[in-house]
Amino acid sequence: MELKDYQKHCINEVKVYLEHLAEFRAKYEKILAIDPDMAGDFTRKAWEKAKGGSTFQGAIHYEKTNGLGEPLPNFCIKVPTGGGKTLLATHTIGLINAHYLKRQTGLVLWIVPTNQIYRQTLKALRTREHPYRQVLDLNSGGRTKNEIFYDFPTSR
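Residues numbered from 1 in each chain as written. Predicted model: local features only at pLDDT ≥ 70, side-chain atom pairs only at ≥ 80, totals over all residues. Heavy atoms only, no water.

Student: Explain the overall build of the chain to me, please; I cannot follow it from the model alone.
Tutor: Across its full length, the chain holds five helices and zero strands. Taken from the N to the C terminus, the helices and strands of the chain come in the order α-α-α-α-α. Look at the contacts in the chain between residues 6 or more apart in sequence, and 58% of them connect residues 24 or more apart. A total accessible area of about 10,700 Å² is found for the chain, and carbon and sulfur atoms account for 56% of it. (Helix = DSSP H or I, 4+ residues; strand = E, 2+ residues; numbered from the N terminus. Contact = heavy atoms within 4.5 Å. Areas by Shrake-Rupley, 256 points an atom, 1.4 Å probe, with all protein chains shown as cover.)

Student: Honestly, the pattern of salt bridges in this entry has me stumped. Any pointers?
Tutor: Pairing between side chains of opposite charge can happen when their charged atoms approach one another. According to the stated counting rule, one finds eight salt bridges in the structure shown. Between glutamate 19 and lysine 15 there is a salt bridge, with its nearest N and O atoms 3.7 Å apart. Here glutamate 19 and its partner lysine 15 are both found in helix 1 (residues 5-34), four residues apart, which amounts to about one turn of the helix. Note that arginine 44 is salt-bridged to glutamate 48, the shortest N-O span being 3.7 Å. Within this pair, arginine 44 and its partner glutamate 48 are both found in helix 2 (residues 42-52), separated by four residues, close to a single helical turn. Taking relative accessible area as the criterion, arginine 44 reaches 29% and is therefore assigned partly exposed. Through salt bridges that share partners, Glu23, Lys27 and Lys49 make up one connected network. (Salt bridge = Lys/Arg side-chain N within 4 Å of Asp/Glu carboxyl O. Buried < 20%, exposed > 50% of the residue type's maximum accessible area, 1.4 Å probe, protein only.)

Student: Teacher, can you tell me more about the side chain of threonine 121 here?
Tutor: Assignment of secondary structure puts threonine 121 in helix 4 (residues 115-126). On the basis of relative accessible area, threonine 121 is assigned to the buried category, the value being 9%. When near neighbours in sequence (up to four residues on either side) are disregarded, threonine 121 contacts Thr86, Trp110 and Val112.

Student: Would you mind showing me how to read the packing of helix 1 against helix 3 (residues 85-101) here?
Tutor: Two elements in contact, helix 1 and helix 3, have axes whose closest approach is 9 Å; the angle formed by their N-to-C orientations is 25°. The angle between helix 1 and helix 3 falls in the class roughly parallel. Helix-helix and strand crossings are classified by hand; for helix 1 and helix 3 the assignment is right-handed. Taking contact as the criterion, the partners of Gln7, Cys10, Ile11, Val14, Lys15, Leu18, Glu19, Leu21, Ala22 and Arg25 in helix 1 are, on helix 3, Leu87, Leu88, His91, Thr92, Leu95, Ile96, His99 and Tyr100. Tallied by class, residues from the contact of helix 1 with helix 3 come to 11 nonpolar, four polar and three charged. (Axes fitted to C-alpha atoms, helices over the stretch in contact; angles between N-to-C directions. Parallel < 35°, antiparallel > 145°, perpendicular 65-115°, else oblique. Left-handed = near helix turned anticlockwise from the far one by under 90°. Nonpolar A, V, L, I, M, F, W, Y, C, P; charged D, E, K, R; others polar.)

Student: Would you explain the nonpolar core in this entry?
Tutor: Across soluble globular proteins, you tend to see nonpolar side chains buried next to one another. Core analysis: the largest hydrophobic core is formed by 25 residues, its most contacted members being Tyr17, Leu18, Leu21, Phe42 and Tyr100. Contributions of two or more residues to this core are made by helix 1, helix 2, helix 3, helix 4 and helix 5 (131-139). Considering each element in turn, this core owes the most residues, nine residues, to helix 1. Excluding anything up to four places from it in sequence, leucine 21 contacts Phe42, Thr43, Ala46, Pro73 and Tyr100. (Core = buried A, V, L, I, M, F, W, Y, C linked by side-chain atoms within 4.5 Å.)

Student: How do you make sense of the environment of leucine 87 when you look at a structure like this?
Tutor: Residue position: leucine 87 is located in helix 3. In sequence terms leucine 87 and glutamine 7 are 80 residues apart; their C-alpha atoms lie 9.0 Å from each other. Discounting chain neighbours no more than four positions away, the residues touching leucine 87 are Met1, Leu3, Gln7, Tyr132 and Val135.

Student: Could you clarify how one ought to interpret the packing of aromatic side chains in this entry?
Tutor: Where two aromatic rings form a pair, the distance of their centres and the angle of their planes describe that pair. By the definition in use, this model includes three aromatic pairs. Following the ring pairs from residue to residue traces out a cluster consisting of Tyr17, Trp47 and Phe75. One cation-aromatic arrangement involves arginine 25 over tyrosine 100; the distance from NZ or CZ to the ring centre is 4.2 Å. Above the plane of the ring of phenylalanine 24 lies lysine 27, whose end atom (NZ or CZ) is 4.9 Å from the centre. (Phe/Tyr/Trp six-rings, centres within 6.5 Å; stacked < 30°, edge-to-face > 60°. Lys NZ or Arg CZ within 6 Å of the ring centre and 35° of its normal.)

Just distances and angles here, no functional claims.
Below you can see the structure in the form of structure tokens.
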């Protein structure tokens, strides 16, 4: 499935942020090893550097931490209805793995707002011939597990 120009632009913006995020995380880990008190929020520094050379107009950095109080990278992709959010999400998973995690494995929790979207997405991700699933398979080196797409019971 060919990405539209605005989708390519969005993916590029995410890639730029993830590249800076990986760069600043490496620096953060080195500083942390020397003096934990000197380590700052590498996610903010990466965000500011990415914003400086891109079109993140109006983008705001929200500081998040994990259960240990360490900086936790996060970002949102805002796309209008019918803009290809699910397709962008599958590509973004590949970017996160390649540019930030530097591996082809991981766990993804996919949250959707309605039962209808849930069912449609689940069906697409389970179908090996579907473009969403093909992107995931490509980015995982063909190791996407079909049985992990669990259908949780929902109330009616």
